[in-house]
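Structure at a glance
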Amino acid sequence: MNELTPLVAPVRARKPDWIRVKAPTSAGFAATRELMRAKSLTTVCEEAACPNIGECWSKKHATVMILGDTCTRACAFCNVKTGMPRKVDAMEPQNVADAAAQMGLNHIVVTSVDRDDLPDGGASQFVKVIQALRRTTPNTTIEILTPDFRNKAQAAIESIVEARPDVYNHNLETVPRLYPTIRPGARYYASLRLLESVKRHDPSIFTKSGIMLGLGEERLEVHQVMDDMRSADIDFLTMGQYLQPTPRHAKVAEFVTPKAFDAYAAIARAKGFLLVASSPLTRSSYHAGDDFERLRTAREAKLANAR
């Protein structure tokens with residue numbers, strides 16, 4: 001190559017019609033963004049370039065990302081920046097609670113970056129956020145989406161479960177075979193054990209996990225993940241299409257059709273999940289409030305049938 005050789009930009013697969021969404025322009029979107037900035041809060045909606053941000057923010061639904069905007073890991077699918085994170089913000093728990101109160105949230109989703117630099121992986125900040133929400137807006141149900149707390153999981157789980165979130169979510173993300181390239185800093189069975197441990201400590205907490213499709217997984221591998229999740233007594237499974245955030249991230253191997261997502265959902269329901277959300281645009285916290293109500297209804301129906 002010399003200085004006259006033309007540079008060819010990396011080509012990303014063209015999105016099919018069922019993936020495309022409108023750019024966010026509503027007044028509700030602008031109001032949500034203004035509130036997040038006023039409270040110095042980060043959202044995974046922005047950092048992960050979620051395709052549903054326009055719809056969710058227009059309804060004043062946002063997934064708050066605590067512990068800063070910089071992750072200590074570099075997963076091949078994730079758009080959150082990697083590096084050395086800033087000091088933990090002591091005001092963050094109350095800022096989250098104040099934002100939830102101001103937005104009038106019935107249900108809130110709180111996630112975080114990986115913080116392998118912290119002695120507890122950031123678990124104590126999750127506890128403080130849950131406690132602040134309980135004090136400030138006691139009628140808001142709380143869903144957390146945590147990292148795996150690598151090498152610190154047992155103590156982290158015990159402290160968070162004691163704070164009693166309503167839903168504990170931790171995503172497996174993909175099938176075990178793809179972990180070395182897609183999620184190299186994590187271990188599939190460690191993530192499964194984390195969710196199993198939550199349920200063992202407090203069976204009343206709903207557990208939830210999700211995977212992305214379109215990374216090159218095989219159909220039977222997805223079925224095996226479902227079986228593994230059910231063995232860990234996971235209540236709620238989400239499945240959505242992987243979208244390549246930038247050319248430097250893992251490529252999309254396949255755009256899975258809505259019909260295929262429906263077929264996976266039917267199989268998952270037959271395997272015994274209380275709730276399944278499966279579509280190209282499904283994300284962990286998409287319609288989380290409505291889904292929580294469905295989870296409660298499904299559990300009540302299951303208990304009634306068992307009597």
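Okay, so let's go over this structure.

How each quantity is defined
- Per chain, the residues get numbers from 1 upward, laid out in the order the sequence is written.
- Note on the predicted model: pLDDT of at least 70 is required for a residue's local features to be given, and 80 or more for side-chain atom pairs to be given and counted; whole-chain, interface and lining totals, by contrast, use all residues.
- No hydrogens and no water enter the side-chain calculation; it runs on all heavy atoms of the structure.
- Axis definition: a line fitted to C-alpha atoms, over the contacting stretch in the case of helices. Angles run 0 to 180 degrees between N-to-C directions.
- Put simply, DSSP marks the helices as runs of H or I at least four residues long and the strands as runs of E at least two long, and each gets a number from the N terminus on.
- Contacts are assigned to residue pairs that have any heavy atoms within 4.5 Å of one another.
- Only Asp, Glu, Lys and Arg are considered charged, only Ala, Val, Leu, Ile, Met, Phe, Trp, Tyr, Cys and Pro nonpolar, and every remaining residue, Gly among them, polar.
- By this rule, a helix spans an expected 1.5 Å times one less than how many residues it contains.
- Between buried and exposed lies partly exposed: a residue is buried under 20% and exposed over 50% of the maximum accessible area for its type, with that area taken using a 1.4 Å probe on protein chains only.
- Picture the helix axis, draw a direction to every C-beta atom, and the arc is the one those directions span.
- Working rule for handedness: look at the near helix, and if it is turned counterclockwise from the far one by less than a right angle, call the crossing left-handed; if clockwise, right-handed.
- What makes a salt bridge here is a side-chain nitrogen of Lys or Arg within 4 Å of a carboxyl oxygen of Asp or Glu, nothing more.

**With respect to the packing of helix 8 (residues 188-201) against helix 9 (residues 219-231)**
Contact pair helix 8 / helix 9: the axes reach a minimum separation of 9 Å and the direction vectors enclose 35°. Of the residues in helix 9, those in contact with Tyr 188, Tyr 189, Leu 192 and Glu 196 of helix 8 are Val 225, Asp 228, Met 229 and Ser 231. Considered class by class, the residues forming the contact of helix 8 with helix 9 number five nonpolar, one polar and two charged.

**Considerations on helix 9**
Two residues of an α-helix separated by three or four positions point the same way, owing to the 3.6 residues in each turn. Taking 1.5 Å per residue as the helical rise, helix 9 with its 13 residues ought to reach 18 Å, and the 19 Å between its terminal C-alpha atoms agrees with that figure. As for helix 9, its buried residues are in contact with helix 8, strand 8 (206-213), strand 9 (236-241) and helix 10 (258-270). Where helix 9 terminates, the next one or two residues include Asp 233, which has phi positive at roughly 65°.

**Remarks on helix 11 (residues 288-306)**
With 19 residues, helix 11 extends 27 Å between its outermost C-alpha atoms, agreeing within 8% with the 27 Å of an ideal straight helix rising 1.5 Å per residue. Listing the buried residues of helix 11 in full gives Ala 288, Asp 291, Phe 292, Leu 295 and Ala 298. Each buried residue of helix 11 lies within a common arc of 125° when the element is viewed along its axis, so the set occupies one face. Across helix 11 from its buried face, at more than 90 degrees, point the exposed residues Thr 297 and Glu 300. Elements that come into contact with the buried residues of helix 11 comprise strand 5 (107-112), strand 6 (141-145), strand 7 (167-169), strand 8, strand 9 and strand 10 (275-278).

**What to know about the packing of helix 9 against helix 10**
It is at 10 Å that the axes of helix 9 and helix 10 come closest, and there the two elements cross at 35°. You can see that helix 9 and helix 10 cross each other, and the crossing is right-handed. Across the interface between the two elements, Arg 219, Val 222, His 223 and Met 226 of helix 9 pack against Tyr 264, Ile 267 and Ala 268 of helix 10. Residues of the contact of helix 9 with helix 10, tallied by class, amount to five nonpolar, one polar and one charged.

**What about the environment of Arg 200?**
By the element assignment, Arg 200 lies in helix 8. Separated by 32 residues in sequence, Arg 200 and Ala 232 have C-alpha atoms that sit 9.4 Å apart.

**A word on the pattern of salt bridges**
In the structure shown here, the tally under the stated rule is 15 salt bridges. With a shortest N-O distance of 2.7 Å, Arg 73 and Asp 148 are connected by a salt bridge. Pair noted here: Arg 73 is in the loop between strand 3 (70-71) and strand 4 (81-82) and Asp 148 is in the loop between strand 6 and helix 6 (153-163), with a separation of 75 residues, a long-range link. Side by side, Arg 73 and Asp 148 carry an identical accessibility label, which is buried. The partner of Arg 164 in a salt bridge is Asp 202, with the nearest N and O atoms 3.0 Å apart. A residue pair is termed long-range when its members are at least 10 positions apart, and Arg 164 in the loop between helix 6 and strand 7 and Asp 202 in the loop between helix 8 and strand 8 qualify at 38 residues.

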